[in-house]
Amino acid sequence: MKELDFETDFQNKIDSEIKIEPKDWMPESYRKTLIRQISQHAHSEIVGMLPEGNWITRAPSLKRKAILLAKVQDEAGHGLYLYSAAETLGISRDQMVSDLHSGKAKYSSIFNYPATSWADMGAVGWLVDGAAIMNQVALCRASYGPYARAMVRICKEESFHQRQGYDIMMKLCAGTAEQKQMAQDALNRWWWPSLMMFGPNDENSPNSAQSMKWRIKRFSNDDLRQKFVDATVEQAEILGIKIPDDNLKWNETKKGYDFSEIDWTEFNQVVAGNGPCNKQRLKARVDAWDKGAWVREAALAYAEKKAVAIKEKAVA
Ligand SMILES: [Fe+2]
Ligand SMILES: [Fe+2]
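Parameters and conventions
Residues numbered from 1 in each chain as written. Chains lettered and ligands numbered in written order. Predicted model: local features only at pLDDT ≥ 70, side-chain atom pairs only at ≥ 80, totals over all residues. Heavy atoms only, no water. Donors = N, O, S within 2.8 Å, 3.2 Å for Na, K, Ca; no water. Tetrahedral: all angles 85-135°; square planar, octahedral: opposite > 155°, others 65-115°. Helix = DSSP H or I, 4+ residues; strand = E, 2+ residues; numbered from the N terminus. Buried < 20%, exposed > 50% of the residue type's maximum accessible area, 1.4 Å probe, protein only. Axes fitted to C-alpha atoms, helices over the stretch in contact; angles between N-to-C directions. Parallel < 35°, antiparallel > 145°, perpendicular 65-115°, else oblique. Contact = heavy atoms within 4.5 Å. Nonpolar A, V, L, I, M, F, W, Y, C, P; charged D, E, K, R; others polar. Salt bridge = Lys/Arg side-chain N within 4 Å of Asp/Glu carboxyl O. Polar contact = N/O pair within 3.5 Å; in protein donor to acceptor, adjacent residues only side chain to side chain.

Caption draft 1: Up close: the coordination of the iron ion (ligand 2). Looking at the iron ion (ligand 2), one finds its protein donor set to be Glu-75 (OE), Asp-129 (OD), Glu-158 (OE) and His-161 (ND1), positioned 2.0 to 2.2 Å from the metal centre. Taken together, the four donor atoms surrounding the iron ion (ligand 2) define angles of 88 to 159° at the centre, an arrangement classified as irregular. Here the iron ion (ligand 2) and the iron ion (ligand 1) are spaced 3.4 Å apart, and both take Glu-75 as a donor. Of this pair, Glu-75 sits in helix H4 (residues 62–87) while Glu-158 sits in helix H7 (residues 145–173), and the two are 83 residues apart along the sequence. The exposure class of Glu-75 is buried, given its relative accessible area of 5%. For Glu-158, a relative accessible area of 2% translates into the label buried.

Here it is as structure tokens:
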């Protein structure tokens, strides 16, 4: 087959919802786009463990501690599935890790904000995991098989994360005036960064059309953001706290809420590495990698020793 035929065949498969598998022919640009997206996603899961991991020792009860611990461990698992999915495209885990540490690879900018109170554990679960679900449910049908399959499991766990966050918010909002204020402060701080998670406006998202054609993406950034706002407004009303946007108003014509424009200067600054915690997050990852060197060496040495023993046994 000529290159052009391969390309047509590939697109036909995608159009008929047949998954692309690791050994199938694929355009180089599809492979590269997926490597970038999946590794960025994996890095986000791992870096995302940091703001919440920081609260495990300070959770207000044993039950909350156990729940938060399980949640943070889930995120590590998500990172692992996604690194494995990316590896099927021909990039090594070491390469991905080194791209993260050098700053070449990005991760979700939301994790460059600090989690300063216990209420943030509620707001992060409710809003950040909630926004992640909006994005990720559609990825369960992504055209690349290993990515889509990893997302199915991840999404199940993400909905637990969202519920545990909302549960923290419900308890705080039903508590003392001071606790309710903590929940309000957390909503104020996390609302805008959560809306930024959907990425730039559609007119500033040049790669979206191609990703839609390849069915890696199914909905535009603005559509997903709108869906998220519409779903969240009611949840805030139930909590009895206020979304920090005076322009938030139901629009009967579009059957959705109007809301203010995002501060894109802030978004660009955080993406460029100048957010409140960018340096701290990256340093934590690099330190963890360096401190874990002896574990990797020991595991390798053990594997080699075991391989030799098996070989010797076979000879004897
Ligand atoms: Fe996750
Ligand atoms: Fe999560």
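Caption draft 2: Summary view of the packing of helix H5 (residues 93–102) against helix H12 (residues 278–291). Closest axis-to-axis distance for the H5/H12 pair is 10 Å, and the angle between their directions is 140°. Considering the angle they form, H5 stands oblique to H12. Counted together, Asp-94, Val-97, Leu-100 and His-101 of H5 and Leu-282, Arg-285, Val-286 and Trp-289 of H12 form the full contact between these two elements. Across the contact of H5 with H12, the residue classes tally to five nonpolar, one polar and two charged.

Caption draft 3: Just the pattern of salt bridges, in detail. Per the counting criterion, the structure on display carries 18 salt bridges. Note that Arg-215 is salt-bridged to Asp-15, the shortest N-O span being 4.0 Å. Within this pair, whereas Arg-215 is found in the loop between helix H9 (208–213) and helix H10 (221–239), its partner Asp-15 is found in helix H1 (residues 3–15), the two being separated by 200 residues in sequence. Note on Asp-15: relative accessible area 41%, which makes it partly exposed. One salt bridge in this structure joins Asp-222 and Arg-225, with 2.9 Å as the shortest N-O distance. Within this pair, Asp-222 and its partner Arg-225 are both found in helix H10, separated by three residues, close to a single helical turn. Accessibility expressed as a relative area gives 2% for Arg-225, which makes it buried. Through salt bridges with shared partners, one network takes in Asp-15, Glu-17, Arg-215 and Arg-218.

Caption draft 4: Representation of the coordination of the iron ion (ligand 1). On the protein side, the iron ion (ligand 1) has Glu-45 (OE), Glu-75 (OE), His-78 (ND1) and Glu-158 (OE) as donor atoms, found 2.0 to 2.2 Å from it. Bound by four donor atoms, the iron ion (ligand 1) shows angles of 86 to 144° at the metal and therefore irregular coordination geometry. When the donors of the iron ion (ligand 1) are listed by position in the chain, the intervening gaps give E-x29-E-x2-H-x79-E.

Caption draft 5: Focus on the side chain of Ser-39. For Ser-39, the location among the structural elements is in helix H2 (residues 28–47). Residue classification places Ser-39 among the buried residues on the basis of a relative accessible area of 8%. In terms of polar contacts, Ser-39 uses its side chain to reach the backbone carbonyl oxygen of Arg-36, at 3.3 Å. Once residues lying within four places of it in the same chain are set aside, the contact partners of Ser-39 are Leu-34 and Met-96.

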